[in-house]
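This is what each chain is made of:
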Amino acid sequence: MIRVHVDLSSLNTFALPARARFFAELTDQNELPDLLAFANHQALPVLILGGGSNLVFTEDFPGLVIKMALRGVQLDSKGEACLVTAAAGENWPDLVEQCLEKHCYGLENLSLIPGCVGAAPIQNIGAYGVELKDVFYSLRGWDCFDQCWKTLTAEDCQFAYRDSVFKRELKNRFVITEVTLKLQTKPIVDTHYSALAQALNQQGLQQPSPRQVADAVIAIRKSKLPDPLKLPNAGSFFKNPIVSGQRAKTLAAEFPAMPQYPQPDGRVKLAAAWLIDQAGWKGKRLRDVVCHQQQALVLVNNGLADGQQVLNMARQIQADIKQRYAVELDIEPSVY
Ligand code: FAD
Ligand code: NAP
């Protein structure tokens, strides 16, 4: 059923005010082509909405919002591998817990990332040293251009740092309806990420189990990140910038304390939170938007902000960082 003028403020974790001109919930994938045809006939833009935890509404959405509500999880263990296929509307943190309970491992570091399964490939979600691409097998969805169902491999998805083909060539063109992950039945864990290793060491866990790794990630996240239900936000507002090796050397000479993370391709990742903090933005408030006191990468809606206010603060931070460090900060969430 298609509804009109639907309030989206409770459907985005930033609690930004916006309404959808048309709105439908997708519970049956067979209804997707008809919904898209409805929008196509009227030349309306389409927005696929998952958990609304990585987007910024700056105005009412003038087209059709399709709330992804497809459900279902299938596990298929074959020796040491376990293929897990989850529908796009499944909750990501719940899927991580379900896999752990069924002894399928590999998702521990991605515990408690808000949102739906179908959005996970969009920016190749990542945390604590693991990215979706490390456990990805394939995905299925509808190509709005070719008007057919397609299965895409990891290579097709062109995963990169907080990026994929769905943010580029396939933007606004491909609806992901299910994702298949390749997990393992052997309890191998990845604890190389410094903050995680430190937390496990403090607990005296030299050889932690997957459950212990997941619990440590959950505890760090709860201690550092604002809960969107209490302090509305969209997680990290900016991506960590990646600069050339040469540029990183120049910056290190000028700012010796600047954290730098060398990448396999010779470029160097900088910590956007450090740059923003050093520039004095942490804890600052502009009208109803606050640069979070515990994590400068997160912008928080004090309750009355709209998307324009959020963008205004973001632009001021971007301009300041560019002026101080000659580094461009890209906005991570999708802006509508
Ligand atoms: P939405 O916000 O609903 O959508 C995001 C974009 O994906 C939109 O452009 C939407 O149209 C598109 N999209 C959604 N579903 C589909 C689909 N099925 N098919 C096609 N397009 C689709 N991200 C990380 O990577 N790592 C983190 O550690 C992390 N921590 C976070 C912590 C907090 C407190 C918050 C609020 C956010 C965090 N995020 C993190 C960002 C966010 O959780 C992820 O990007 C998540 O995958 C977004 O899922 P969603 O369902 O909410 O997507
Ligand atoms: P943190 O541990 O304080 O580290 C700050 C930054 O340094 C991170 O952004 C991280 O980059 C980088 N970093 C730290 N140790 C690293 C290592 N060993 N190798 C490579 N890079 C390293 O970060 P945090 O803010 O508390 O977040 C913890 C994790 O959760 C991070 O992975 C972060 O990306 C993720 N997270 C993401 C969002 C989001 O919305 N995207 C929100 C909250 C948390 P990376 O970000 O590239 O890992």
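The written sequence of each chain sets the order in which its residues are numbered from 1. For naming, the first written chain is A and the first written ligand is 1, with later ones following in the order written. Local features in this predicted model are restricted to residues of pLDDT 70 or higher, and side-chain atom pairs are both shown and tallied only at a pLDDT of 80 or more, whereas totals for entire chains, interfaces and linings draw on every residue. Each side-chain value is derived from all of the structure's non-hydrogen atoms; neither hydrogens nor water enter the calculation.

### Things to note about the overall build of the protein
In step 1: Note on conventions: DSSP H or I runs of at least 4 residues are helices, E runs of at least 2 residues are strands, and numbering of each starts at the N terminus. Counting its secondary structure elements, the protein contains eight helices and 20 strands.
In step 2: As defined in this context, the radius of gyration uses C-alpha atoms, and a globule is described by 2.2 Å times the residue total to the power 0.38. Relative to its length of 336 residues, the protein is compact, with a C-alpha radius of gyration of 20 Å against a globular reference of 20 Å.
In step 3: In terms of overall dimensions, the protein has C-alpha extents of about 55 × 55 × 40 Å along its principal axes.
In step 4: Think of it in three bands: with a 1.4 Å probe and only protein chains considered, a residue is buried below 20% of the maximum accessible area for its type, exposed above 50%, and partly exposed in between. In the protein, which comprises 336 residues, the share counted as buried stands at 48%.
In step 5: Look at the contacts in the protein between residues 6 or more apart in sequence, and 59% of them connect residues 24 or more apart.
In step 6: Reported accessibility uses the Shrake-Rupley method at a 1.4 Å probe radius. Residues are deemed covered only where the shown protein chains occlude them. For the protein, the accessible area works out to roughly 16300 Å², and carbon and sulfur atoms hold 49% of it.
In step 7: A residue counts as positive if it is Lys or Arg and as negative if it is Asp or Glu; His and the chain ends are not included. By convention, charge coordinates are those of NZ in Lys, CZ in Arg, CG in Asp, or CD in Glu. Taken together, the 34 basic and 35 acidic charged side chains of the protein have centroids lying 5 Å from each other. Whether two residues are in contact is decided by their heavy atoms: any pair within 4.5 Å suffices.

### Some words on the site of ligand 1
In step 1: Taken together, 32 residues lie around ligand 1, and Ile48, Gly51, Ser53, Arg221 and Tyr336 are the ones closest in.
In step 2: A 3.5 Å cut-off defines polar contacts: any pair of N or O atoms within that distance qualifies, except that in protein one atom must be a possible hydrogen donor and the other a possible acceptor, and neighbouring residues in sequence count only when both atoms are side-chain atoms. Between ligand 1 and Gly50, the relevant distance is 2.7 Å, taken from an oxygen atom to a main-chain nitrogen or oxygen of the residue.
In step 3: Gln123 places a polar side-chain atom, nitrogen or oxygen, 2.9 Å from an oxygen atom of ligand 1.
In step 4: Taken together, the elements giving at least two residues each to the shell around ligand 1 come down to strand S3 (46-49), strand S8 (126-127), strand S12 (174-184) and strand S13 (233-236). We call a residue near a molecule or strand as soon as one heavy atom of that residue lies within 4 Å of the molecule or strand.

### Overview of the sheet that holds strand S10 (residues 136-143)
In step 1: Judged by pairing direction, the sheet is antiparallel, and its five strands sit side by side in the order S6-S7-S12-S10-S11 without closing on themselves. Only two strands of the sheet have a single neighbouring strand rather than two, namely strand S6 (73-78) and strand S11 (148-153). The sheet shows a mean angle of 15° between the axes of neighbouring strands, taken without regard to direction. Here a strand pair is declared whenever DSSP counts at least two bridges between the two strands. Throughout, an axis means a line fitted to C-alpha atoms (over the contacting stretch in the case of helices), and angles, computed between N-to-C directions, take values from 0 to 180 degrees.

### Describing the site of ligand 2
In step 1: As a structural note, the neighbourhood of ligand 2 is formed by 18 residues, with Tyr161, Arg162, Lys224, Lys269 and Gln295 the closest of them.
In step 2: Here an oxygen atom of ligand 2 sits 2.8 Å away from a polar atom, N or O, in the main chain of Ser236.
In step 3: Calculation on ligand 2 without its partners gives an accessible area of 800 Å², and the protein chains cover 81% of this total.
In step 4: Contributions of two or more residues to the shell around ligand 2 are made by S8, helix H4 (194-202), helix H5 (210-224) and S13.

### Comments concerning the layout of surface pockets
In step 1: Grid spacing is 1 Å over the protein atoms alone, the probe is 1.4 Å, and a cavity is where that probe fits but cannot get out, while a pocket is an open set with protein on both sides within 12 Å along at least five of seven lines and lining residues have an atom within 4 Å of a point. Grid points are joined across faces, edges and corners, and a volume is the space filled by probe spheres set on the points. Its volume calculated, the second largest pocket comes out at about 180 Å³.
In step 2: Every residue lining the second largest pocket is counted, 13 residues in all, and those nearest its centre are Gly106, Val130, Val135, Gln184 and Asp190.
In step 3: Broken down by element, the residue count for the lining of the second largest pocket peaks at three residues, all from S12.
In step 4: Any residue outside Ala, Val, Leu, Ile, Met, Phe, Trp, Tyr, Cys, Pro, Asp, Glu, Lys and Arg is labelled polar, Gly included; the first ten of those are nonpolar and the last four are charged. Looking at the lining of the second largest pocket residue by residue, the class counts come to six nonpolar, three polar and four charged.

### A short note on the side chain of Asn109
In step 1: Position of Asn109 among the secondary structure elements: in the loop between helix H2 (92-101) and S8.
In step 2: Polar side-chain contacts of Asn109 include one of 2.9 Å to the backbone oxygen of Asp190.
In step 3: Leave out the neighbours within four places in its chain, and Asn109 touches Ala127, Tyr128, Val130, Asp190, Leu196, Val213 and Val217.

### Remarks on the nonpolar core
In step 1: The biggest cluster of nonpolar side chains holds 40 residues, and the ones touching the most others in it are Trp92, Leu107, Leu132, Leu139, Phe166, Leu181 and Leu183.
In step 2: Where this core is concerned, the elements lending two or more residues are strand S7 (81-87), H2, S10, S12, H4 and H5.
In step 3: Tallying contributions element by element places S12 first for this core, with five residues.
In step 4: Those residues in contact with Leu107, other than ones at most four positions away along the chain, are Trp92, Val96, Cys99, Val135, Leu181 and Leu183. Nonpolar cores are built from buried Ala, Val, Leu, Ile, Met, Phe, Trp, Tyr and Cys residues. Side-chain atoms within 4.5 Å join them into one set.

### What about the packing of aromatic side chains?
In step 1: Put simply, two rings from Phe, Tyr or Trp (the six-membered ring, in Trp's case) pair if the centres are within 6.5 Å, and we call them stacked under 30 degrees between planes, edge-to-face over 60, tilted for the rest. In the structure shown here, the tally under the stated rule is eleven aromatic pairs.
In step 2: Geometrically, the ring pair formed by Phe166 and Phe174 is tilted, given 5.7 Å between the ring centres and 45° between the ring planes. Like Phe166, the residue Phe174 is buried in the burial classification.
In step 3: Here Phe255 and Tyr325 contribute two aromatic rings whose centre-to-centre distance is 4.9 Å and whose plane-to-plane angle is 65°, an arrangement assigned as edge-to-face. Linking Phe255 in the loop between helix H6 (245-254) and strand S15 (260-262) with Tyr325 in helix H8 (residues 307-325), this pair joins segments that are 70 residues apart in sequence.
In step 4: Residue Tyr325 is classed as buried on the basis of its relative accessible area of 5%.
In step 5: Through pairs of rings, three or more aromatic residues link up here, namely Phe14, Phe237 and Phe238.
In step 6: For the cation-ring pair, Lys269 lies above Tyr261, with the distance from its terminal atom to the ring centre recorded as 5.3 Å. Note on criteria: charge over ring means Lys NZ or Arg CZ within 6 Å of the ring centre, with the direction from the centre no more than 35 degrees off the ring normal.

### Considering H8
In step 1: For H8, spanning 19 residues, the distance from its first C-alpha to its last is 27 Å, which sits close to the expected 27 Å at 1.5 Å a residue.
In step 2: Every buried residue of H8 is accounted for by Gly307, Gln309, Val310, Leu311, Met313, Ala314, Ile317, Gln318, Asp320, Ile321 and Tyr325.
In step 3: Regarding H8, its N-cap is Asp306, as a side-chain oxygen of that residue lies 3.2 Å from the backbone nitrogen of Gln308 further along.
In step 4: In the stretch just after H8, Ala326 is the one whose phi turns positive, near 55°. A helix is expected to span 1.5 Å for every residue after the first.

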